[in-house]
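Read off the chains here:
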Amino acid sequence: MSRTRRTALALGTAAAAALSVASATAPATATPSPPAGSTTVTPAGHAFQATLSGKATLKAGSVTVTCTVSVSTGTVPAAPGNQNAAGPVSSPISPPTYSSCTSSVWGVTPTVTTSGSWSVSMQNGSPITATMTVPTGGLVVHTTGLATCTVTAAPSGPASVGGSWANGAPPSLTFTNASVPATVTGGFGCPTSATSSTFNAVYKVTDTTDPAQQITVGP
């Protein structure tokens, strides 16, 4: 091999090595998240009611509480608040009520209480996403009987519970294995090591201002 070719090969190898080192040590450039699309909820200003379809479950550790009755009410913001050109539309809702509840642990009776300022926001997309905000300590499950336990959701601050929305007649709001921060206190039989609970529920939503119309989420 000629001296000229050896020199060129050495320079090429050094350049490749330098490029590899530079690529390995250069900070990664984060890919920006795509901007949120526009969202419009209609009919503007109409009141609605979300009624549980089937059952709602709240699981903390090995204990599952199941309720078959749950209702919440709210109002679509009046125009132009029912539109957001670059993000979700949020509506305040009443604290959902839960009754006809049972526990997965024999001999244990649960009671669910809710309080505070709740809300739900909708973001148009595919799928349409929904986020329910639970205020600090806004949901408490207390059990009596063979185990006396207290489960407090969102103990340290408001918590966002992710779900999905489907337009229809009626539309539905679904939460599937949504994780909620929680603390559990109590004695024997209470899952005190649990730091979160899992929420499942499907709600059917009706327009109570005009039952002939449907609450709809679009662009």
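Just above, that's the structure.
The model shown is predicted, which means the values in this text are computed figures rather than measured ones.

Student: I would appreciate a short explanation of the nonpolar core in the present structure.
Tutor: Side chains that are nonpolar tend, in soluble globular proteins, to be buried together. Of all hydrophobic cores here, the largest spans 47 residues; its most connected members are Tyr98, Leu173, Phe199 and Tyr203. Per-element accounting of this core gives the leading share, six residues, to strand E14 (residues 172–186). Aside from chain neighbours lying at most four places away, what touches leucine 173 is Val120, Met122, Ala130, Ser164, Trp165, Ala201, Val202, Tyr203 and Val205.

Student: For this particular structure, what's the right way to read the pairing of strand E3 (residues 56–60)?
Tutor: Taken residue by residue, a regular strand's side chains alternate between the two faces of the sheet. E3 sits mainly inside the fold: four of its five residues count as buried. In textbook terms, the turn of a hairpin is the stretch between consecutive antiparallel strands, and for E3 and strand E4 (residues 63–75) this stretch comprises two residues, one of which, glycine 61, has a positive phi near 65°. In terms of strand pairing, E3 meets strand E15 (residues 196–207) through three bridges, oriented antiparallel. Across the sheet, leucine 58 pairs through a bridge with phenylalanine 199, a residue of E15.

Student: What exactly am I supposed to notice about the sheet that holds strand E1 (residues 39–42) here?
Tutor: Strand-to-strand pairing in sheets goes through backbone hydrogen bonds, with the strands running parallel or antiparallel. What the three strands build is an open sheet, ordered E5-E1-E16; its pairing is antiparallel. Bordering the open sheet on either side are strand E5 (83–84) and strand E16 (216–218), each of which pairs with just one other strand. Pairing between E1 and E5: two bridges, direction antiparallel. Bridge pairing in E5 links threonine 40 to glutamine 83.

Student: It is not clear to me how the pairing of strand E11 (residues 139–145) should be interpreted in this structure. Could you clarify?
Tutor: Pairing geometry for strand E8 (residues 108–114) and E11, over seven bridges, is antiparallel. The residue of E11 that forms the bridge with threonine 113 is valine 140.

Student: Looking at this model, I keep getting lost on the packing of aromatic side chains. Mind explaining?
Tutor: Inspection of the entire model under this criterion finds one aromatic pair. Measuring from centroid to centroid gives 5.6 Å for phenylalanine 175 and phenylalanine 199, while their planes differ by 50°, and the two rings are tilted. One end of the pair, phenylalanine 175, is in strand E14; the other, phenylalanine 199, is in strand E15, with 24 residues separating them in the sequence. Accessibility assignment for this pair places phenylalanine 175 and phenylalanine 199 in one class, buried.

Student: Teacher, can you tell me more about the side chain of threonine 39 here?
Tutor: Here threonine 39 is to be found in strand E1. When its relative accessible area of 0% is taken as the criterion, threonine 39 is described as buried. At 2.9 Å, the side chain of threonine 39 and the backbone oxygen of glycine 87 are in polar contact. For threonine 39, the residues in contact, after removing those within four places along its chain, are Asn82, Gln83, Asn84, Gly87, Pro88, Val89, Met122, Gln123, Asn124, Val217, Gly218 and Pro219.

Student: What's the story with the state of the cysteines in this structure? I'm lost.
Tutor: One way to say it: the disulfide is the covalent bond shared by the sulfur atoms of two cysteines. Evaluated as defined, the whole model comprises two disulfides. The residue that forms a disulfide with cysteine 67 is cysteine 101, at a sulfur-sulfur distance of 2.0 Å. Of note, the bridge from cysteine 67 to cysteine 101 carries an S-S torsion of about 105° and is right-handed in sense. Taken together, the positions of cysteine 67 in strand E4 and cysteine 101 in strand E7 (residues 97–103) put the pair 34 residues apart, joining distant regions of the chain. Side by side, cysteine 67 and cysteine 101 carry an identical accessibility label, which is buried. Through a disulfide, cysteine 149 is tied to cysteine 190; the S-S separation comes to 2.0 Å.

Definitions and cut-offs
- Residues numbered from 1 in each chain as written.
- Predicted model: local features only at pLDDT ≥ 70, side-chain atom pairs only at ≥ 80, totals over all residues.
- Heavy atoms only, no water.
- Core = buried A, V, L, I, M, F, W, Y, C linked by side-chain atoms within 4.5 Å.
- Buried < 20%, exposed > 50% of the residue type's maximum accessible area, 1.4 Å probe, protein only.
- Helix = DSSP H or I, 4+ residues; strand = E, 2+ residues; numbered from the N terminus.
- Contact = heavy atoms within 4.5 Å.
- Pairing = 2+ DSSP bridges.
- Phe/Tyr/Trp six-rings, centres within 6.5 Å; stacked < 30°, edge-to-face > 60°.
- Polar contact = N/O pair within 3.5 Å; in protein donor to acceptor, adjacent residues only side chain to side chain.
- Disulfide = S-S within 2.5 Å.

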